[in-house]
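# Structural characterization, general
Here is how the chains run, residue by residue.
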Amino acid sequence: TIDANAWAKAIKEAGTFRLGATRTSVLFSQLDETTGKVYGFDAAIYLSLIRYILGDETKYDYTQMTSDTRESVLQNDNVDAVFATYSINEKRKEVISFAGPYFTTQQGILVAADNQDINGLDDLKGKKVAVQSGSTGPQVVEEFVPEAELQEFSKDDECRAALEQGRVAGADEEKQELEEIVDFLKNPGKYRIAGDAFGPEDKYGIGLKLGSDGVDFVNAFLEKFEKDGKWADFYKICIADRTGVSTVPEPPAIGA
């Protein structure tokens, strides 16, 4: 299977997987400083893929990703793939290719816990809203609340810092990430999610160089990952058990 695929064969011959990812997402990919290991749903998938190709999940070289650098590292062939809660959209598909999707979510609004003025989208009109540059957030918020004043930051923790400092009234992030912020950042009572999730269904994919035959290889791996029950197992461990969700959803259709 590996020999029949140029992308996978090149990784096998190199003996290491050039990984683009993050290590700050509690539910998806977080580094434990005490053990040196990464945990989370994205990490479960990319470590499994690395083991599938190289027989050892530790054989990878790590490159830190931000929302603004994900396309460039693929275009410049600095990494073999990007795993970073990477939303699939048509604009990105013009310059890179995606495998997946392997996860779906929507946008949500984060406010300070004591903020009683913002309880939904309409309350963002005329307000300063923090969004992450290079993400899908700015476009979605602009579409749903054109009267909001967007303040762009390169990282999600910068958005939260602006919120804490009162420089913005609210922060837009993906709903699953909001749940982890509210529940797992050891700041009980600091934030709340205002109103319902909104915007189109956001599909997370795995970024690869444009036209790479690695898309076929990774999609076949993901289909096997789902069929073998590993997707459901890791969803339960990494997400459901940690957000109080009692049921595990069906995984998204690969290639949809």
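The structure contained in this document is the topic of the report that follows. Quantities reported herein were computed from a predicted structural model and do not represent experimental measurements.

### Description of the overall build of the protein chain
Each helix and strand in the protein chain was counted, giving nine helices and 12 strands. For a compact globule of 256 residues, the expected C-alpha radius of gyration is about 18 Å, and the protein chain comes in at 18 Å, within 12% of that figure. Seen through its C-alpha atoms, the protein chain measures out along the principal axes to roughly 60 × 35 × 35 Å. Counting all 256 residues of the protein chain, 48% fall into the buried class. Of the contacts formed within the protein chain by residues at least 6 apart in sequence, a portion of 70% connects residues at least 24 apart. A total accessible area of about 12,200 Å² is found for the protein chain, and carbon and sulfur atoms account for 45% of it. Taken together, the 28 basic and 45 acidic charged side chains of the protein chain have centroids lying 4 Å from each other.

### Overview of the packing of aromatic side chains
Scanning the entire structure with this criterion turns up 19 aromatic pairs. The interplanar angle of 50 degrees and the centroid separation of 5.9 Å between the aromatic rings of Trp7 and Phe217 together place this pair among those described as tilted. Of the two residues, Trp7 sits in helix H1 (residues 6–14) while Phe217 sits in helix H8 (residues 214–227), which places them 210 residues apart along the sequence. For Trp7, a relative accessible area of 10% translates into the label buried. Pairing Tyr46 with Tyr60 gives two aromatic rings, centres 6.5 Å apart and planes at 65 degrees, and the pair type is edge-to-face. You can see Tyr46 sitting in helix H2 (residues 41–54) and its partner Tyr60 sitting in strand E5 (residues 60–64), a full 14 residues away along the chain. For the pair formed by Tyr46 and Tyr60, the shared burial category is buried. Ring-pair connections join several aromatic residues into one group, and the members of that group are Trp7, Phe17, Tyr52, Phe217, Phe221, Phe225 and Phe234. Over the face of the ring belonging to Tyr62 we find Arg23, whose NZ or CZ atom lies 3.7 Å from the ring centre.

### A word on the sheet that holds strand E4 (residues 37–39)
With antiparallel pairing, three strands are arranged side by side in an open sheet as E2-E3-E4. A single partner strand is all that each edge strand has here, and the edge strands are strand E2 (24–25) and E4. Two strands pair when backbone bridges link them, and strand E3 (residues 29–32) and E4 are joined in this way by three bridges, in the antiparallel orientation. Residue pairing for E4: Gln30 is matched across the bridge by Tyr39. Sitting on the sheet, H2 touches E3 and E4, and the angle it makes with E4 is about 120 degrees.

### Structural notes on the pairing of strand E12 (residues 198–209)
For strand E6 (residues 81–87) and E12, the ladder comprises three bridges, and the chain directions are antiparallel. What sits directly across from Ser87, in E12, is Tyr204. Bridge count between strand E7 (residues 96–112) and E12: eight bridges; the pairing is antiparallel. Across the sheet, Ser97 pairs through a bridge with Leu208, a residue of E12.

### Examining the pattern of salt bridges
Where side chains of opposite charge bring their charged atoms close, a pairing between them can arise. Using the criterion set out here, one finds eight salt bridges in the structure. Put simply, Asp80 and Arg18 hold a salt bridge, and the shortest N to O gap is 2.8 Å. Taken together, the residues span a long stretch of sequence, with Asp80 in the loop between helix H3 (70–75) and E6 and Arg18 in strand E1 (residues 17–21) at a distance of 62 residues. Of the residues examined, Asp80 reaches a relative accessible area of 11% and is grouped as buried. Here Lys224 ties to Asp228 by a salt bridge, and the two come within 3.2 Å at their closest N and O atoms. One network of salt bridges, in which partners are shared, links Arg18, Asp77 and Asp80.

### Observations concerning helix H5 (residues 137–144)
Where H5 is concerned, the buried positions are Gly137, Pro138, Val140 and Val141. Taken end-on, H5 shows its buried residues confined to a sector of 165 degrees, consistent with a single buried face. Opposite the packed face of H5, turned more than 90 degrees from it, sit the exposed residues Gln139, Glu142 and Glu143.

Cut-offs and rules
Residues numbered from 1 in each chain as written. Predicted model: local features only at pLDDT ≥ 70, side-chain atom pairs only at ≥ 80, totals over all residues. Heavy atoms only, no water. Helix = DSSP H or I, 4+ residues; strand = E, 2+ residues; numbered from the N terminus. Rg over C-alpha atoms; globule rule 2.2 N^0.38 Å. Buried < 20%, exposed > 50% of the residue type's maximum accessible area, 1.4 Å probe, protein only. Contact = heavy atoms within 4.5 Å. Areas by Shrake-Rupley, 256 points an atom, 1.4 Å probe, with all protein chains shown as cover. Lys, Arg positive; Asp, Glu negative; His and termini not counted. Charge placed at Lys NZ, Arg CZ, Asp CG, Glu CD. Phe/Tyr/Trp six-rings, centres within 6.5 Å; stacked < 30°, edge-to-face > 60°. Lys NZ or Arg CZ within 6 Å of the ring centre and 35° of its normal. Pairing = 2+ DSSP bridges. Axes fitted to C-alpha atoms, helices over the stretch in contact; angles between N-to-C directions. Salt bridge = Lys/Arg side-chain N within 4 Å of Asp/Glu carboxyl O. Arc of directions from axis to C-beta.

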